[in-house]
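Reading the structure
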Amino acid sequence: MRLLTLLTPLAALWLAFAPAAQAEDGYDLWLRYHPVEAEHAEDYRAAAAALVSDERGEVLDSALAELERGLTGLLGEAPERSDRASSDGSLIVGTASSPLIGSLGLDLSDLGEDGYVIRSVDADGQRATVIAGGGETGALYGAFHYLRLIQTRQDVADLDITERPAFGVRMLNHWDNLDGTVERGYAGFSLWDWHKLPHYLDPRYTDYARANASLGINGTAVNNVNTDALSLTPQYLEKAAALADVFRPWGIRLYLSARFSAPVEIGGLDTADPLDPAVAAWWADKAAEVYDYIPDFGGFLVKANSEGQPGPQDYGRTHADGANMLAAALEPHGGIVLWRAFVYDEGVPVDRVAQSYDEFMALDGQFADNVIIQSKNGPLDFQPREPFHPLFGAMEQTPLMMEFQITKEYLGHATHLAYMGELYEETLQWDTMRPEPGTPVARTIDGSVFGHELTAIAGVANTGTDRNWSGSQFNQANWHAFGRLAWNPDLAARDLAEEWARMTFTNDAEFLEPVVDMMMTSRETVADYMTPLGLHHLMNASHHYGPAPWVDFREREDWNNVYFHRADETAIGFDRTASGSDQVSQYAPELAEVFSDTARMDERLLLWFHRLEWDFRVQSGRTLWEEMAQRYTEGARGATAMRETWEGLEGFIDQRRHDEIAAFLAIQEREAWWWRDACLSWFSDISGLPIPEDLPQPEHDLEYYMSLSFPHAPGI
Ligand code: GCW
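Read on for an overview of the structure. (Residues numbered from 1 in each chain as written. Predicted model: local features only at pLDDT ≥ 70, side-chain atom pairs only at ≥ 80, totals over all residues. Heavy atoms only, no water.)

**Notes on the pairing of strand β7 (residues 169-173)**
What counts, and what does not: Burial classification: accessible surface area is computed with a 1.4 Å probe over protein chains only, and a residue below 20% of its type maximum counts as buried, one above 50% as exposed, and the rest as partly exposed. Under the scheme used here, helices are H or I runs from DSSP no shorter than 4 residues and strands are E runs no shorter than 2 residues, and both carry numbers assigned from the N terminus. In this description, strands pair whenever DSSP reports at least two bridges between them.
Of all five residues in β7, five are buried, a share of seventy percent or more. The pairing of β7 with strand β14 (residues 456-460) spans five bridges and is classified as parallel. Looking at the pairing, N173 lines up with V460 of β14. As paired elements, β7 and strand β8 (residues 219-221) share three bridges and run parallel to each other. The residue of β8 that forms the bridge with N173 is A221.

**Things to note about the sheet that holds strand β1 (residues 50-52)**
How we decide: Note on definitions: angles span 0 to 180 degrees between N-to-C directions of axes, and those axes are lines fitted to C-alpha atoms, for helices only across the stretch in contact. A contact between two residues is defined here by any heavy atoms of the two lying within 4.5 Å.
One open sheet holds the six strands; their spatial order is β2-β1-β3-β5-β4-β6, and the pairing between them is mixed. Sheet topology places β2 (80-82) and β6 (160-163) at the edges, where each strand pairs with a single neighbour. Neighbour to neighbour, the strand axes of the sheet diverge by 25° on average, direction disregarded. Pairing of strand β4 (residues 116-123) with β6, which is carried by four bridges, proceeds in the antiparallel orientation. When the bridges of β6 are listed, I118 appears paired with I161. Against the sheet, helix α3 (residues 58-75) contacts β1, β2, β3 (90-95) and β5 (126-133), and its axis sits at roughly 160° relative to β3.

**A look at α3**
Heads up, the condition is: In this scheme, a helix's expected span is set at 1.5 Å multiplied by one less than its residue total.
If you check α3, its first and last C-alpha atoms are 26 Å apart, about what 18 residues at 1.5 Å a residue would give, namely 26 Å. Looking only at α3, the buried set comprises V59, L60, S62, A63, L64, E66, L67, G70, L71, L74 and L75. Directly beyond the C-terminal end of α3, a positive phi value near 85° is found at G76.

**Considerations on unusual backbone geometry**
The step from L197 to P198 runs through a cis peptide bond, and the omega angle for that step is 5°. Structurally, P198 is set in the loop between β7 and α6 (203-215). With omega at -5°, the peptide bond leading from R434 into P435 counts as cis. Structurally, P435 can be placed in the loop between α12 (420-428) and α13 (441-445). You will see that R566, though not glycine, has its phi angle at about 55°, which is positive. The topology assignment puts R566 in the loop between α17 (561-565) and β15 (571-572). Exposure remark for R566: the relative accessible area of 31% places this residue in the partly exposed category.

**Here's the deal with the nonpolar core**
Cut-off, in case you're wondering: Nonpolar core, defined: a set of buried Ala, Val, Leu, Ile, Met, Phe, Trp, Tyr and Cys residues in which side-chain atoms within 4.5 Å join the residues together.
Counting residues in each nonpolar core, the largest one holds 219 residues, and the members touching the most others are Y146, F247, W283, W339, W479, W646 and F683. The greatest single-element share of this core, amounting to 11 residues, is contributed by helix α21 (residues 655-687). Residues A50, L104, V130 and A132 belong to the second largest nonpolar core, which totals 16 residues.

**Overview of the site of the ligand**
Here is the rule we go by: The near set for a molecule or strand comprises every residue that places at least one heavy atom within 4 Å of it. Each polar contact in these results corresponds to two N or O atoms within 3.5 Å; when the atoms are within protein, one needs to be able to donate a hydrogen and the other to accept it, and residues that are neighboring in sequence are counted only if both atoms are side-chain atoms. Accessible surface area values rest on a Shrake-Rupley calculation with a 1.4 Å probe, where residue burial reflects the displayed protein chains alone. All amino acids are sorted into three groups, where Ala, Val, Leu, Ile, Met, Phe, Trp, Tyr, Cys and Pro are nonpolar, Asp, Glu, Lys and Arg are charged, and the leftover types, Gly among them, are polar.
Residues in close proximity to the ligand total 15 residues, the closest being E183, K303, R340, D381 and E409. The separation between an oxygen atom of the ligand and a polar side-chain atom of K376 is 2.7 Å. A distance of 2.5 Å separates an oxygen atom of the ligand from a polar side-chain atom of E409. Computed on the free molecule, the ligand has an accessible area of 340 Å², of which 97% lies beneath the protein chains in the complex. For the shell around the ligand, a count of residues per class yields four nonpolar, three polar and eight charged.

**Observations regarding the packing of aromatic side chains**
For clarity, the threshold we go by: Geometry of aromatic contacts follows a simple scheme: Phe, Tyr and Trp rings, the Trp one being its six-membered ring, pair when their centres are within 6.5 Å, and the pair is stacked under 30 degrees between planes, edge-to-face over 60, tilted otherwise.
Tallied over the full model, the rule gives 43 aromatic pairs. Where W283 meets F300, the ring centres are 5.6 Å apart and the plane angle is 70°; that geometry is what we call edge-to-face. Highlighted residues: W283 in helix α9 (residues 277-293) and F300 in strand β10 (residues 299-302), separated in sequence by 17 residues. No difference in accessibility class separates W283 from F300, as the two residues are buried. Summarising the aromatic geometry, the rings of W682 and F683 are spaced 5.5 Å apart at their centres and angled 65° between planes, so their arrangement reads as edge-to-face.

**Here we look at the pattern of salt bridges**
This is how it is decided: Put simply, a salt bridge is a Lys or Arg side-chain nitrogen that is within 4 Å of an Asp or Glu carboxyl oxygen.
Counted under the stated rule, the structure contains 45 salt bridges. R385 is the partner of E524 in a salt bridge, and the nearest nitrogen-oxygen pair spans 2.7 Å. A residue pair is termed long-range when its members are at least 10 positions apart, and E524 in helix α16 (residues 509-530) and R385 in the loop between β12 (371-376) and β13 (400-405) qualify at 139 residues. For R385, a relative accessible area of 6% gives the class buried. Between R556 and D558 there is a salt bridge, with its nearest N and O atoms 2.8 Å apart. D558 gets classed as buried once you look at its relative accessible area, which sits at 1%. Among the ionic contacts, a cluster of salt bridges with common partners joins R385, E422, E426, R523, E524, D602 and R604.

**Looking at the sheet that holds β13**
What the eight strands build is a closed barrel, ordered β7-β8-β9-β10-β11-β12-β13-β14; its pairing is parallel. Shown here is a sheet whose adjacent strand axes are inclined to one another by a mean of 25°, direction ignored. Each of β8 and β9 (253-257) is contacted by helix α7 (residues 234-247), which is oriented at about 150° to β9, the strand it contacts most.

**Digging into α9**
Across its 17 residues, α9 extends 25 Å between first and last C-alpha, which sits within 8% of the 24 Å expected from 1.5 Å per residue. Along α9, the residues that are buried comprise V279, W282, W283, K286, A287, V290 and Y291. Where α9 begins, one side-chain oxygen reaches toward the backbone nitrogen of A278, 2.8 Å away; that side chain belongs to D276.

This is the structure we're talking about:
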């Protein structure tokens, strides 16, 4: 805009229309396929002048279509299509059953369906690159990998890549309701237009599938775990089947959340008791019906006996009874049950954080073969920082899977930049010390330590109808990081941030370096201005927007923030050591010892495990109160720094996305200081200690912060 005033009216008119291509809204995600710089284009063109395949198949056709689309965009001209490698620069794409690929003599035996190789070869005297999948899905993932190499400006002249995914099931969980709202969704409404399905297929469904396939995601549960039994009626199964048909060519299977009481609600039975033969028969029929609609249906995702959802315990049965009954219904069709470990029942426990472990460890070994237990990354609920869930490493006889939250329910919703890749990496690489030291969480769920064949990982999606899909440009990075880690949990979050930023914005190093640094520190910054030193659950009630350490009015004791921080005039924190709830003993003894020792532990979890007096000396030598004030302040300053860094990066990317991000970072800065001021004011009031004089004093008095209310905050 500023520039326009300096231009002649004619030039201004041209500029107003011409840059449409540059004014991006984020819809294309990391699949932008913008032309590469002229100096690189020739080399890439030479390597991929022709697209060669002698096979057909639904998924393979997607791979070829994506390569054609990507190469055309990146290199400025469409590759020739052929079924023979007749000239230099052929990109040969297919599976082990392609005669052409067979003739190259590659060893493709260990790839499984999803694995692939990308290799520079000599095909009948011609220089070629082969993308060979174990199956069609492998070829699809290989195609996206090849495009990524060009998008991130890597050399493609001499390739020797072999990839296999670490987990069999790599899925998104959508907490999408049938009325179009999304529980904990901050990106608009649900992508699924149930009302117009099955007759109208929004092109966005295909782009959604493409984006997932580009990461290797191969499953999606389309309805909320707090589910409506209607999803299992023919009326809705027909709609779900239409979605499954769109997803299938992109290697994605559809899953449904199943309501445990469905036999009563839509089946006309008077019980949902899992041990009642009529109930089991109803589910067996229902499963058969689902498979009539969706032949490759993935299975049922179940939230039972948690936050008021129905479940087997309503009939005096166990989670294993419930899961196994559903597993028996799905087994003949090859389906699985994803049974969530996020449970807590009516009785208020000594320690909410201990519940899920106690419940499920008692049942280890009792689950059917096609059941997998899905546990959140931490034992509470997707907080900015939690220790890993102690089930990881402890549950040996039952396959266990990870549930990460991609949507940022507790980390600033749409607007705050919090790069979750860094949180995912921290969890996946955490040493569980079980069965022995050197066993990170990732190894306990990828089948390598306990030998389970059924392996899976899930992320609670952050997608919605916003043009940018994820509520903000930077939130796209969290979807991307989740998907890439679901393929390979040992990838480094920093590398993924850079890869994403290159594909999403620009390959310019002067832009990438500050942006990747900012992404990598962003989660810690958020943890500091919201819940430093292991504090947790200080968010406002219900919608979880903004600070409210004072919440003490909710019906359940453990729905109140005061339950978690326990602050009074003498001390603060939740004692989970042997002198308190002893939840720490759910971890390996070596780890429990460290968590119990304030001198040795990582203080970023201090008040998660300990209740300490305000004048307790922390590792820096400050008192606990001084340290808390310091951390809150550093967090807020970090948000200011991010806003400033981004302002300095104007001009590297299109103005529209730059401005949107700048505005969001300014919101984050404001809200970070609000968090800091509100929390410090309240804790100061409780402890009777003043906020240290050398630190900024809150802008308002405590009464002001406590008076704020946000009845229409999104996501509930
Ligand atoms: O984090 C809590 C959320 C609920 C959610 C629940 C769960 C889907 O506040 O909205 O319900 O977790 O994971 O089941």
